[in-house]
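# Understanding the architecture of this molecule
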Amino acid sequence: MLAAAFAAGENTVVVLFDRNEKAGKKLYLTGKGRCNITNIADKQEFMRNIPRNPRFMFSAFDGFFNNDIIALIEDQGVKTKVERGGRVFPQSDKSSDVIKALSSFVKKRGVDIRLNTRVKEVSKDGDVFTVKTEGGHYDRFDCVVIATGGVSYPSTGSTGDGYGIARSLGHTVVSPLPSLISLVTEENWPCELAGLTLKNVKLTAKVGKKVVYNELGEMLFTHTGVSGPLVLSASSRIADAPEGARLFIDMKPALDEQTLESRVLRDLEGNKHKQIKNAIAGLLPSRMIPIVLGIAGVDPEKTTDSLLKSERKQLVSALKSIPLTVKMASDISEAIITRGGVKTSEIDPKTMESKLVEGLYFAGEVIDVDAYTGGFNLQVAYSTGAAAGRAIAQKYSKEQNKMCDVRTNEIFAVAIDGPASAGKSTAAKGVSKKLGIIYIDTGAMYRAVALKAIRMGITEFTSEEIEPMLPDTDVAISFVNGEQHVMLDGEDVNGLIRTQEVSNGASKVSAIPAVRLKLVELQRKLAENTSVVMDGRDIGSYVLPNARYKFYVTAAVEERARRRYLELEQKGQLNGITMEQMLKETIERDERDSTRAFVPLKQAEDAILIDTTHLSIEEAIASVIGYIEGKDK
Ligand code: DC
């Protein structure tokens, strides 16, 4: 879900296939239905909780960590809380709230979610992936993220489909084994205690003589053996060879043997003549008393005063170390997570992209990384998902920055020139939208220089006045939501450059060669690495003489004056100008723009003339697009 949400963006269309009737179904199970969202531990502590391939996670954690997922979920209106061991849960204790938060995030990002859709096959032909589902097939995906989970809890959809797909695309899959799984013991006595939870105990696991696990925490007995957080974590350390592994439960981890012995002695002395099973009631949950006494070899019916010193010592050691032998791990389908999965050395840890198949990504449990309980595994899933999604979004935004013609893979330019108020900019904007490339309004740059001059008190706009100002004048372009903003000395002046005063000033400063040279350099740079629609006066003739498409958009001067008059009237910026004055100013501006010595306004020889005098905006745009499409045929 996170991979899909992060991949979705302006330049990407993302489809999320989920075989379940709901996305995120496995989250229902985590934290016993409360959803242990993540853990507040630091990165080092996270690494210690990831027994296999922790280093693979470094950069993914750097990019998206526990604070990020908490913020994301809280942003969707779900409050979280931190519990023992740094475990983070929804305040409501309902995993469904977390699922809702993630679903709403995914939907807001515009992902097309296809539920009840099982993916059967993914193949790649040339640059294009085809995804076959049970009901049909979809082609022309540029990228595919496999985030199918492991093989644990198949009822949640984790049936191992992703491994097969990864293999079919050439990847190595490290054999999936259960991890975080309950253990079946040789001993039958746990059955008598089924359901009993032990808190604050210490569990030690040994394989042969080697201690492989030794932690404090919580565990519980089941009908066939043991489970609970300590056991699940221990299981991942013995998953290679669970059979015969030994477990030891320390019921009193806070007390050393000596201290415990004096505590036992005190209990016995305070309960003289009582049966031993009653005398130690304060030490153990009652259901465990006969079991522990049995292990210690002490007759429960015996009275305290007849207890031998050796028996007392045996009782103390039983309390410190109840032994169990593992028969086997429970069935893999019951494992909370699967260890094993797609080999990490075949995946780029920064982007989660396959090193073997370009455009193929992996996220979550399908990768050969697994962690202990405590919210660590889910964080691995979010971090790898976010890394994959972001890498994809970035890949296409990069291509956006360097937009090419999809057919020829070349950068190209559309030049639109013409006199003021001929409808150039409206046509240019429409064309840029239609072609999916950026629009650059060069007039705005001349306007910014004029604004600076006006601000400096310059009235005549002569080159003597303007030139000295230029070295300290910084004109730049930035894009906000795809719209061009002109920055003058770092200030966004978009809202200040459309007045009549600035229009007249711009027409005057644009006649100064030094101004033109400065701005033309910026304009050429902008078109160097990306496809553009650029409008102005000299784009096709001077700035971008090699532009693939050139247009000269014009209209009768009366019509242009009328349009400009209406525009200013609408904005409430007429400031008393009459229609006649507007016509006079427009004629003057035309005259200045087309008679100036340096690069005057004129139609480039190879430009197509479009007269908009009798055209609506839509007709003007359609006319430009029509020529572009016609030329490519
Ligand atoms: O397109 P516009 O009205 O915003 O342009 C403002 C002035 O800048 C206009 O009078 C002509 C001048 N200009 C120019 O000389 N060369 C360009 N490429 C763009 C505008």
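Structural data are supplied above this passage.
Residues numbered from 1 in each chain as written. Predicted model: local features only at pLDDT ≥ 70, side-chain atom pairs only at ≥ 80, totals over all residues. Heavy atoms only, no water.

Moving on, we come to the overall build of the chain. Within the chain, the regular secondary structure consists of 21 helices and 26 strands. At 37 Å, the chain has a C-alpha radius of gyration far larger than the 26 Å of a compact globule built from 633 residues. For the chain, the proportion of contacts with a sequence separation of at least 24, taken over those separated by at least 6, is 73%. When the accessible surface of the chain is split by element, carbon and sulfur atoms take 50% of a total near 29,400 Å². The chain carries 83 positive and 83 negative side-chain charges, and their two centres are separated by 7 Å. (Helix = DSSP H or I, 4+ residues; strand = E, 2+ residues; numbered from the N terminus. Rg over C-alpha atoms; globule rule 2.2 N^0.38 Å. Contact = heavy atoms within 4.5 Å. Areas by Shrake-Rupley, 256 points an atom, 1.4 Å probe, with all protein chains shown as cover. Lys, Arg positive; Asp, Glu negative; His and termini not counted. Charge placed at Lys NZ, Arg CZ, Asp CG, Glu CD.)

Before going further, it helps to examine helix α20 (residues 579–595). The terminal C-alpha atoms of α20, which comprises 17 residues, lie 24 Å apart, in line with the 24 Å expected from a rise of 1.5 Å per residue. By the burial criterion, the buried members of α20 are Met-582, Thr-586, Arg-589, Asp-590 and Asp-593. Taken down its axis, α20 places every buried residue within 100 degrees of arc, on the same side. Opposite the buried face of α20, at more than 90 degrees from it, the exposed residues are Glu-580, Lys-584 and Thr-595. Buried-residue contacts for α20 involve α14 (443–455), α16 (500–509) and α19 (557–571). (Expected span 1.5 Å × (residues − 1). Buried < 20%, exposed > 50% of the residue type's maximum accessible area, 1.4 Å probe, protein only. Arc of directions from axis to C-beta.)

In this section: the side chain of Thr-185. Considering the arrangement of structural elements, one finds Thr-185 in strand β11 (residues 183–185). Judged by its relative accessible area of 4%, Thr-185 falls in the buried class. Here the side chain of Thr-185 touches Glu-187 through a polar contact of 3.0 Å, landing on its backbone oxygen. Excluding residues that lie within four positions of it along the chain, Thr-185 makes contacts with Pro-190, Thr-224, Gly-225, Val-226, Leu-324, Thr-325, Val-326 and Lys-327. (Polar contact = N/O pair within 3.5 Å; in protein donor to acceptor, adjacent residues only side chain to side chain.)

On the basis of which strands lie adjacent, the closed barrel formed by 6 strands has the order β11-β14-β13-β12-β15-β16 and antiparallel pairing. Sheet twist, expressed as the mean angle between neighbouring strand axes with direction ignored, is 45 degrees. Pairing between strand β12 (residues 197–207) and strand β15 (residues 246–250): 5 bridges, direction antiparallel. Of the residues in β15, the one forming a bridge with Leu-203 is Ile-249. Running at roughly 150 degrees to strand β13 (residues 210–221), helix α7 (residues 229–238) makes contact with β11, β12, β13, β14 (225–227) and β16 (322–329) of the sheet. Across the sheet, helix α11 (residues 309–320) touches β15 and β16, and the angle it forms with β15 is around 110 degrees. (Pairing = 2+ DSSP bridges. Axes fitted to C-alpha atoms, helices over the stretch in contact; angles between N-to-C directions.)

What the rule picks out here adds up to 36 salt bridges. Ionic pairing is found between Arg-564 and Glu-567, a salt bridge with its closest N-O pair at 3.5 Å. Taken together, the residues span about one helical turn, with Arg-564 and Glu-567 both in helix α19 at a distance of 3 residues. Of the residues examined, Arg-564 reaches a relative accessible area of 5% and is grouped as buried. Look at Glu-567 and you get partly exposed, because its relative accessible area is 32%. (Salt bridge = Lys/Arg side-chain N within 4 Å of Asp/Glu carboxyl O.)

Once that is clear, we can look at the site of the ligand. Looking at the ligand, there are 17 residues lining it, with Thr-442, Arg-447, Arg-516, Arg-537 and Asp-538 nearest. With respect to the ligand, the side chain of Arg-516 contributes an N or O atom lying 2.7 Å from an oxygen atom. Here an oxygen atom of the ligand sits 3.3 Å away from a polar atom, N or O, in the side chain of Asp-593. Contact with the protein chains removes 96% of the 450 Å² of surface that the ligand exposes when unbound. When atom positions are compared with the pocket grids, the ligand is found to occupy the second largest pocket. For the shell around the ligand, the secondary structure elements donating two or more residues are α14, α16 and α20. Sorting elements by how many residues they give to the shell around the ligand places α14 first, with 3 residues. Here the residues of the shell around the ligand sort into 3 nonpolar, 5 polar and 9 charged. (Near = heavy atom within 4 Å. 1 Å grid on protein atoms, 1.4 Å probe; cavity = no way out; pocket = protein on both sides within 12 Å on 5 of 7 lines; lining within 4 Å. Sits in = over half its atoms within 2 Å of the grid points. Nonpolar A, V, L, I, M, F, W, Y, C, P; charged D, E, K, R; others polar.)

The end-to-end C-alpha separation of helix α5 (residues 95–108) is 20 Å, in line with the 20 Å expected for 14 residues at 1.5 Å each. Taken together, the buried positions of α5 are Ser-95, Asp-97, Val-98, Ile-99, Ala-101, Leu-102, Ser-103, Phe-105 and Val-106. Where α5 is buried, its residues touch α1 (2–7), α4 (66–75), β4 (87–90) and β5 (112–114). Positive backbone phi, at 80 degrees, marks Gly-110, one or two positions downstream of α5.

In spatial order, the strands read β20-β24-β19-β25-β26; together these 5 strands make up an open sheet with parallel pairing. At either margin of the open sheet sits one strand with a lone partner, and together these are β20 (438–441) and β26 (608–611). The mean inter-strand angle of the sheet, taken between neighbouring strand axes irrespective of direction, is 20 degrees. Inspection of the sheet shows strand β19 (residues 413–417) paired to strand β24 (residues 532–536) by 5 bridges, in the parallel sense. Residue Ala-413 lies in a different strand from β24, and its bridge partner there is Val-532.

Glancing now at empty space enclosed by the protein. Applying the stated rule across the entire model yields 2 cavities of 30 Å³ or more. Residue lining of the largest cavity: Ala-420, Ser-421, Gln-500, Arg-560, Arg-564, Met-582, Glu-585, Thr-586 and Arg-589, and that is the complete set. Elements that contribute at least two residues to the lining of the largest cavity include exactly α19 and α20. In terms of residue count, the dominant contributor to the lining of the largest cavity is α20 (4 residues). When its residues are assigned to classes, the lining of the largest cavity shows 2 nonpolar, 3 polar and 4 charged. One number sums up the size of the second largest cavity: a volume of about 30 Å³. Elements represented by at least two residues in the lining of the second largest cavity include exactly β19 and β25 (549–554). No other element matches the 3 residues that β25 contributes to the lining of the second largest cavity. For the lining of the second largest cavity, a count of residues per class yields 5 nonpolar, 2 polar and 3 charged. (Points joined across faces, edges and corners; volume = space filled by probe spheres on them.)

From the geometry alone we can't say anything about function, so treat these as descriptive.
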